[in-house]
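# Architecture at a glance
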Number of protein chains: 4
Amino acid sequence: MPYEFDKLHEECGVFGILDSKGENVANTIYYGLCALQHRGQESAGIAVCNTEGPLGNLLCHKNMGLVNEIFSPDILSELTGNIGIGHVRYSTTGESTIKNAQPIAINYFKGTLALVHNGNITNMEELKNSLQENGAIFHSTTDSEIITYQIALERTKTNSIEEAVYETTRKIKGGFALIIMSPQKMIGVRDPYGLKPLCLGKKNGSYILASESCALNAVGAEFVRDILPGEIITIQKNDIKNNYALCNQTHTHCIFEYIYFARLDSTIDGINIYDARVHAGEALAKSYPVEADLVVGVPDSGIAAAMGYAKQSHIPYGIAFQKNSYVGRTFIKPTQNERETAVQIKLNVIPSTVKEKRIILIDDSIVRGTTISKLIIMLKKAGAKEVHVRISSPPFLYPCYYGTDVPSNHLLIASKHTNEEICEQIGADSLGYLNIDDFKVMVGNLPLCKACFDQQYPVI
Amino acid sequence: MPYEFDKLHEECGVFGILDSKGENVANTIYYGLCALQHRGQESAGIAVCNTEGPLGNLLCHKNMGLVNEIFSPDILSELTGNIGIGHVRYSTTGESTIKNAQPIAINYFKGTLALVHNGNITNMEELKNSLQENGAIFHSTTDSEIITYQIALERTKTNSIEEAVYETTRKIKGGFALIIMSPQKMIGVRDPYGLKPLCLGKKNGSYILASESCALNAVGAEFVRDILPGEIITIQKNDIKNNYALCNQTHTHCIFEYIYFARLDSTIDGINIYDARVHAGEALAKSYPVEADLVVGVPDSGIAAAMGYAKQSHIPYGIAFQKNSYVGRTFIKPTQNERETAVQIKLNVIPSTVKEKRIILIDDSIVRGTTISKLIIMLKKAGAKEVHVRISSPPFLYPCYYGTDVPSNHLLIASKHTNEEICEQIGADSLGYLNIDDFKVMVGNLPLCKACFDQQYPVI
Amino acid sequence: MPYEFDKLHEECGVFGILDSKGENVANTIYYGLCALQHRGQESAGIAVCNTEGPLGNLLCHKNMGLVNEIFSPDILSELTGNIGIGHVRYSTTGESTIKNAQPIAINYFKGTLALVHNGNITNMEELKNSLQENGAIFHSTTDSEIITYQIALERTKTNSIEEAVYETTRKIKGGFALIIMSPQKMIGVRDPYGLKPLCLGKKNGSYILASESCALNAVGAEFVRDILPGEIITIQKNDIKNNYALCNQTHTHCIFEYIYFARLDSTIDGINIYDARVHAGEALAKSYPVEADLVVGVPDSGIAAAMGYAKQSHIPYGIAFQKNSYVGRTFIKPTQNERETAVQIKLNVIPSTVKEKRIILIDDSIVRGTTISKLIIMLKKAGAKEVHVRISSPPFLYPCYYGTDVPSNHLLIASKHTNEEICEQIGADSLGYLNIDDFKVMVGNLPLCKACFDQQYPVI
Amino acid sequence: MPYEFDKLHEECGVFGILDSKGENVANTIYYGLCALQHRGQESAGIAVCNTEGPLGNLLCHKNMGLVNEIFSPDILSELTGNIGIGHVRYSTTGESTIKNAQPIAINYFKGTLALVHNGNITNMEELKNSLQENGAIFHSTTDSEIITYQIALERTKTNSIEEAVYETTRKIKGGFALIIMSPQKMIGVRDPYGLKPLCLGKKNGSYILASESCALNAVGAEFVRDILPGEIITIQKNDIKNNYALCNQTHTHCIFEYIYFARLDSTIDGINIYDARVHAGEALAKSYPVEADLVVGVPDSGIAAAMGYAKQSHIPYGIAFQKNSYVGRTFIKPTQNERETAVQIKLNVIPSTVKEKRIILIDDSIVRGTTISKLIIMLKKAGAKEVHVRISSPPFLYPCYYGTDVPSNHLLIASKHTNEEICEQIGADSLGYLNIDDFKVMVGNLPLCKACFDQQYPVI
């Protein structure tokens with residue numbers, strides 16, 4: 001999709017449920033994945049088991065596409081089982097293939113195992129080599145398969161699947177949220193730094209694990225708590241066990257969940273996403289005030305921060321862009337010699353809002369700079385007198401090793417240009433980025449990984 | 001789609017273009033129809049001719065679905081021609097069939113003719129009977145085919161296609177915007193009351209007709225003017241002719257274009273849609289003030305009015321609902337015994353916005369009342385202390401005969417209940433509808449058809 | 001499809017049924033059309049009515065593709081009605097479009113009417129002009145629509161649909177088999193020369209009309225008789241009426257039905273197709289004997305004649321080619337620089353059959369000559385010492401005006417070359433065509449149209 | 001498909017090619033698989049590598065369906081590489097899933113590996129357990145994955161892939177033909193008993209391995225020789241190596257390849273399939289003569305034997321059934337209360353052939369007996385006076401452990417009934433099965449596995 005292209009991308013969303021009353025869970029996973037779809041639109045999958053079923057019962061369906069394209073009523077009705085996990089995945093074009101879709105579902109000496117994974121393992125090569133030297137055979141190119149294999153290997157040396165998960169978690173580095181399903185148990189794991197989110201909910205007799213609380217709301221479940229960084233939670237029919245051995249005090253939650261990835265209606269580690277973004281807008285207004293007539297946000301990423309900026313600055317908030325929500329993935333992009341741009345088809349200026357006005361335009365980040373410059377041209381063509389750009393995050397400079405897909409360095413506008421140069425290049429009348437210190441306004445004292453801005457990687 | 005179901009529906013959008021330099025127009029029509037997609041999502045079609053081509057050259061492709069689902073690059077590239085028209089259509093389930101899709105394209109004694117139509121003809125039966133008595137043979141059940149046949153019949157008695165269109169327009173009653181394409185000419189017609197919108201744009205050597213100005217913007221064209229009520233405009237390669245013989249002073253523009261149908265970024269008959277809706281919100285705030293903490297709108301139909309209400313009342317504006325834009329038409333609706341509701345999957349409350357707050361909830365209209373009552377339940381469950389509903393239109397009471405699809409009377413909540421009863425039934429703490437007199441705040445002195453509110457039908 | 005390309009093509013097959021007990025007929029039409037699929041593979045359609053239903057009840061579904069691709073159980077179950085007609089259609093690429101698919105189903109002043117048509121009207125332009133001058137508006141480019149319109153026009157001047165059909169039949173010239181369905185009646189028509197086949201069957205309370213008797217067998221019906229040339233048969237719930245007014249003694253049945261079009265298991269006008277082709281082979285053996293070791297046929301068109309040749313000549317019959325029946329329409333044809341040819345993928349030589357043998361290769365006709373020459377190369381490469389070609393029809397020289405699709409004259413190998421030249425060009429060791437006088441061996445005294453061989457057109 | 005259902009099924013076909021000139025091979029594999037499609041219609045796949053490419057280059061595409069449905073020109077053009085393998089698969093409904101499709105393609109410590117497999121491993125559980133105890137993790141339920149894993153395991157202990165294949169082949173029991181592809185080498189393996197066929201061909205600079213010689217013909221390649229039972233052939237760019245260490249003198253070729261599985265135009269282990277079947281018919285005529293007027297075969301399985309019976313008995317050969325080749329997999333089967341049978345739609349009697357005749361009906365085997373009894377009813381209904389059934393194989397009694405899909409014992413008509421009972425049950429006037437001793441007439445002294453007839457399993 002045209003203008004989403006110029007954004008960073010989260011890799012995945014995960015969802016798991018165990019229904020102790022024995023009811024089928026595939027439909028609930030479907031709705032949960034729909035609510036997590038913003039975390040990945042490339043492929044999706046669901047695997048289910050029956051806790052009372054015979055050894056080896058496991059059903060899995062995954063494919064390329066959106067959740068509502070992949071799953072028909074027929075397919076869902078065949079996925080019978082009262083325990084299940086689901087996944088939505090984003091990936092860059094090169095790796096875009098069905099064999100990398102999740103859940104990973106395997107048969108091994110202890111029966112069946114399925115896993116979904118959000119994040120990235122930094123010592124993947126080391127683990128992969130060690131596994132391959134022991135004869136491991138991989139069918140995909142994902143670190144998720146490596147984790148699954150490591151768990152299966154550890155299972156040979158341990159007495160339970162949760163111990164095997166513990167031993168594996170001890171050995172993997174990076175940012176990750178995992179849900180592992182053996183036929184009787186659902187195990188949730190969050191990396192010791194808390195880089196990736198994972199929370200627990202409940203609904204009647206079911207326990208649910210999900211990347212974001214919005215997925216709990218979507219299925220009518222109640223939020224219980226966030227999984228602790230380093231926690232391993234094992235959910236069985238009549239029993240929840242927690243292993244806190246890997247928990248420590250060094251937490252570094254990913255700031256980009258608050259800036260852009262998570263949905264407005266989620267709460268992660270105690271912070272409301274909507275509030276965090278509004279506060280970022282307020283901080284921007286304090287640091288980079290400007291005389292203007294209207295504050296507008298880029299839909300949908302800049303809307304909440306724009307409302308914060310407006311509130312703080314007492315400059316009216318307005319809607320400058322109409323979004324065309326009917327333009328899907330099969331949309332034909334205009335060629336170069338057609339005057340229309342893909343951005344213009346997706347977002348159109350509302351002329352009466354901006355005409356003769358001095359506009360403050362808010363977005364969450366600038367990656368390549370291509371979209372924001374087109375929007376500024378559109379605003380000026382529609383009669384805006386000035387366009388002042390305010391970005392609710394600092395300049396994005398460094399790669400992420402924990403699962404966020406970042407274009408290569410030379411494509412990042414901030415890595416090659418000063419703010420003045422960027423301002424000129426995108427055609428803005430002024431430009432202000434959120435100060436890195438203002439993250440505390442967004443998320444209070446929550447410890448953060450902000451390595452993409454300051455190169456301080458918590459773990460490599 | 002779940003919650004759009006509880007809305008009124010416009011029947012259609014039309015788009016036409018003649019490129020005097022001879023370039024192919026199918027791609028431009030495609031982008032124009034994408035921008036008009038909100039006016040009809042059931043079927044779409046494009047017909048093109050070559051003004052320099054041999055007699056009878058006409059290519060047409062239409063199908064069920066969204067514009068970007070129907071047209072592939074291959075199909076568009078086969079639609080060669082420098083004059084063309086396009087259509088998007090909504091219709092109720094019963095009539096939903098490919099044979100009713102438009103454009104209507106025919107062969108008759110004078111060659112080929114194609115037509116697209118937005119609106120409804122009230123004397124359709126009379127015309128149909130008269131045509132059938134003369135031997136006319138119909139392939140569809142649409143009034144669009146009747147108009148096309150009438151034009152063909154009139155062509156036998158006149159010297160030009162524009163005269164035939166004039167004679168036909170004289171005979172048809174109702175609300176309509178038509179674009180007729182003969183191989184050399186594109187003719188636009190608007191009903192004498194101006195019930196349906198139609199505007200003219202230009203771009204390089206092309207002239208464009210479209211239901212809304214947003215389609216002109218989307219293709220990079222310049223807005224020239226609205227077609228006058230009763231005007232017949234004939235566009236040829238080197239020439240524009242206007243026939244004003246049917247124009248009169250009694251104009252009654254459809255108020256629902258301003259309330260809900262048109263896109264925020266369009267301007268129709270001099271009125272900005274966005275401004276009109278903001279003004280409606282302001283008027284509501286004056287008429288139905290209430291002490292509260294937050295004004296929120298139902299996405300996307302109530303957003304602009306909510307901003308107006310907030311502005312006027314000085315109560316902060318906020319975002320209460322996260323919309324899931326990934327849930328498409330193949331989405332599986334939850335069954336009754338699943339706790340999730342379809343509304344909840346499409347719209348989720350942002351809890352931190354509404355918790356402990358007294359909420360003013362704005363929407364454009366209440367049709368059945370099912371959606372608004374679910375939203376109120378969701379808000380209260382998320383902690384809202386009070387929910388005061390304000391509707392930016394009067395109670396909807398009467399059917400429309402000009403092309404708006406209205407559920408049968410007994411399904412309209414306002415036709416059976418007092419405001420107090422509705423308020424109680426939907427679970428609101430208070431309810432206020434826009435006063436019919438406040439339309440002047442929305443659209444100034446623009447003469448209106450507001451028959452769905454006051455039963456004053458301009459033409460039957 | 002590769003090698004079928006080098007064949008003449010029948011245009012269509014028709015099927016109709018009226019069930020007097022009121023049962024749904026769509027499934028029976030489906031099976032009947034499957035049995036007629038060899039007569040047209042481009043598009044297919046079914047229209048049904050309910051004889052007891054309200055005025056205007058008519059349901060029609062048609063699309064591009066094979067019968068079993070177009071109709072799903074869901075679609076068939078929606079086509080409710082106890083009277084119905086169906087059609088399969090072949091057409092050359094240029095005219096291949098959904099709007100030319102049949103049945104033609106219309107609404108006119110007398111209600112609904114549907115028609116299926118096999119054949120071609122030679123005075124189509126004249127009729128079309130006359131209709132257009134009266135204001136007729138066409139949606140397709142088929143003569144079938146013209147006939148339908150003419151019937152509707154005649155209905156204005158007559159007291160019944162069967163009279164209108166009679167008046168229309170009087171006016172149209174050419175070869176045709178029609179089935180017309182009004183909501184209460186099914187009317188079958190065969191052209192006065194009997195150029196196109198049509199037969200009557202019955203099954204329990206149902207009467208059936210079909211292009212070939214194989215379709216009666218396929219649905220478990222009993223063959224009653226062939227419709228007479230010029231006969232108009234009107235079938236109602238409790239009544240069959242026959243109009244013989246247009247019958248005369250000059251019959252000219254299409255010889256190509258016997259040579260190639262009809263299915264081996266059909267009987268048309270008293271002649272078994274299988275027998276006719278075997279007899280043709282016998283006649284060939286008498287006229288063009290040759291010393292050889294094996295007689296083989298080109299699958300499937302030459303098999304029966306090959307068996308006749310073998311029987312007469314006492315040379316053993318064998319199978320030289322394995323046909324690949326899994327290669328469907330989506331098959332990717334090899335490019336020029338791939339050594340494999342499309343013919344080779346569809347038909348492969350069985351080497352042990354032909355090695356060191358003198359082969360007599362039988363086919364029904366030579367159109368372009370491309371396929372036969374490839375087969376001869378394949379046979380020789382597999383070790384055949386000699387290949388003697390015998391064709392069970394005379395050289396094909398002249399166009400057909402009655403509905404057979406013939407390539408333009410310059411593509412017909414026989415129109416430019418002597419038999420000797422053809423023999424050399426295709427690489428055969430000898431070549432013999434059936435003598436035109438031997439048609440009597442095939443079909444006895446049955447009067448024939450053999451204009452494609454002798455230019456004696458019965459009607460133009 | 002209706003009547004193919006009542007047949008035994010071969011499990012798979014394999015094809016491999018290495019082009020030493022570096023040209024892409026995907027298209028050739030596609031055509032080769034089309035020619036092997038009769039060996040499996042459930043799923044198909046192609047994997048390719050580039051022998052000069054970087055480590056780990058391997059592209060694989062597989063899906064459910066026919067070869068010409070799965071591969072589009074776009075997909076084929078993306079499968080770049082000069083070495084590749086392909087597979088067609090049949091399987092019973094229960095196991096019908098994409099994850100069991102082949103090729104199996106893996107990443108392991110030595111790079112990539114792909115494998116295709118026809119046959120069945122009888123010591124699969126033992127190998128699987130041993131591998132799983134060593135930590136192996138399986139993604140499918142096929143023995144093909146087990147073989148692949150065993151090869152990868154052996155590769156840790158050997159110096160080359162061909163040694164690993166050798167060590168693996170030593171350990172697996174059963175009937176199998178394998179093609180293994182490492183990025184530089186293509187290795188063909190045939191089980192020591194020669195149960196499954198595999199042959200070598202060449203074409204310009206390419207070497208080809210295929211299940212049947214008909215696939216070599218289809219791609220224009222030359223047959224070189226059959227791979228020996230127990231042989232391991234390693235084909236590299238400039239080099240072919242053979243390992244005969246596992247070859248021994250005890251060969252038992254599968255008789256069912258000659259009876260039914262293989263295509264008429266193939267030659268396997270020196271025996272022409274067509275000739276073998278004709279000879280079987282001749283043997284039947286000697287053992288079970290009967291006075292009759294016509295010999296006919298069930299298409300396509302009984303045709304060749306019918307010709308042999310006719311030749312030997314001097315009773316004329318004829319065609320009794322017209323096959324409908326347009327009825328594909330989406331065909332809707334008639335319900336019980338429809339008089340049509342699925343067999344009837346697929347095969348229709350040619351009445352003029354059989355009327356008043358005493359018929360000898362030949363087929364290759366009787367499995368359930370349902371089809372043959374329907375055909376006899378059809379023949380008698382069409383006027384056949386007598387129907388004498390002759391089967392060109394002995395009664396099928398025992399399961400196959402080497403890859404042929406056999407219905408469970410109680411469904412096999414011959415396992416519960418005497419020949420007299422079967423004759424009565426199917427409604428035949430007499431019944432004769434091929435004598436087991438007559439296999440020598442079919443295949444000479446070729447050593448055979450005929451365990452399905454005599455329970456003498458060569459290896460378990």
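Conventions and cut-offs
- Residues numbered from 1 in each chain as written.
- Chains lettered and ligands numbered in written order.
- Predicted model: local features only at pLDDT ≥ 70, side-chain atom pairs only at ≥ 80, totals over all residues.
- Heavy atoms only, no water.
- Contact = heavy atoms within 4.5 Å.
- Buried area = accessible area lost by both parts, 1.4 Å probe.
- Salt bridge = Lys/Arg side-chain N within 4 Å of Asp/Glu carboxyl O.
- Helix = DSSP H or I, 4+ residues; strand = E, 2+ residues; numbered from the N terminus.
- Nonpolar A, V, L, I, M, F, W, Y, C, P; charged D, E, K, R; others polar.
- Least-squares fit on C-alpha atoms with pLDDT ≥ 70 in both.
- Domains from an automatic or database assignment.
- Polar contact = N/O pair within 3.5 Å; in protein donor to acceptor, adjacent residues only side chain to side chain.
- Pairing = 2+ DSSP bridges.
- Axes fitted to C-alpha atoms, helices over the stretch in contact; angles between N-to-C directions.

## A short note on the interface of chain B and chain A
Between chain B and chain A, the contact holds 56 residues from the first and 56 residues from the second. Carbon and sulfur atoms supply 55% of the area buried between chain B and chain A, which totals about 4,700 Å² over both sides. Contact with chain A buries area across many residues of chain B, yet Tyr-31, Tyr-326 and Ile-332 of chain B alone supply 16% of it, more than any other trio. Across the contact surface, chain B and chain A share zero salt bridges. For the side of chain B that touches chain A, the element with the highest residue contribution is helix α1 (residues 26–35) of chain B, accounting for six residues. Of the residues contributing to the side of chain B that touches chain A, the split by class is 26 nonpolar, 21 polar and nine charged.

## Some points on the relation of the copies chain B and chain C
Rotating chain B by 179° and translating it 0.2 Å along the rotation axis places it on chain C, where the RMSD comes to 0.1 Å. Here the copies are linked by what is in effect a two-fold axis. Taking C-alpha positions as the reference, the residue of chain B nearest the rotation axis is Ala-136 of chain B, at 3.3 Å. Both copies contact each other with a shared surface, as 100% of the interface residues of chain B are interface residues in chain C too.

## Brief notes about the domain arrangement of chain A
All names here are of chain A. Entries for chain A in the domain assignment read domain 1 (3–251) and domain 2 (272–454). One C-alpha centre belongs to domain 1, the other to domain 2; they are set 33 Å apart. Here domain 1 meets domain 2 over a buried area of about 1,900 Å², counting both sides, of which 54% is carbon and sulfur. For the pair domain 1 and domain 2, the interface holds zero salt bridges. Where domain 1 packs against domain 2, one counts three residue pairs in polar contact (both at pLDDT 80 or more).

## Here's the deal with the sheet that holds strand β13 (residues 239–243) of chain B
Residue and element names in this part refer to chain B. If you walk across this open sheet you meet the six strands as β5-β6-β7-β8-β12-β13, and the pairing is antiparallel. Either end of the sheet is taken by a strand with one partner, and the two such strands are β5 (104–108) and β13. Going from strand to strand, the sheet's axes swing by 20° on average, the running direction of each strand aside. As paired strands, β5 and strand β6 (residues 111–121) are joined by five bridges and run antiparallel to one another. Bridge pairing links Ile-106 to Leu-113 in β6. Running over the sheet, helix α5 (residues 143–155) touches β5, β6 and β7 (174–181) and is turned about 135° from β6.

## Things to note about the interface of chain B and chain C
Contact with chain B, which involves 15 residues of that partner, is made by 15 residues of chain C. Counting each side, the surface lost to burial between chain B and chain C is near 1,500 Å², with a carbon and sulfur contribution of 56%. Between the two partners, chain B and chain C, sit zero salt bridges. The dominant element in the side of chain B that touches chain C, judged by the number of residues it contributes, is β5 of chain B, at four residues. Split into classes, the residues belonging to the side of chain B that touches chain C amount to nine nonpolar, four polar and two charged.

## Side note on the sheet that holds strand β21 (residues 386–391) of chain A
Residue and element names in this part refer to chain A. Spatially, four strands are ordered β17-β20-β21-β22 in an open sheet, and the strand pairing comes out parallel. Where the open sheet ends on each side, the last strands, each with one partner, are β17 (294–297) and β22 (430–433). Here the strands of the sheet are splayed against their neighbours by 20° on average, with no regard to which way each runs. When strand β20 (residues 358–363) meets β21, the two strands line up parallel, connected through six bridges. Residue pairing in the sheet places Arg-358 in a bridge with Glu-386 of β21. Across the sheet, helix α10 (residues 303–313) touches β17, β20 and β21, and the angle it forms with β17 is around 165°.

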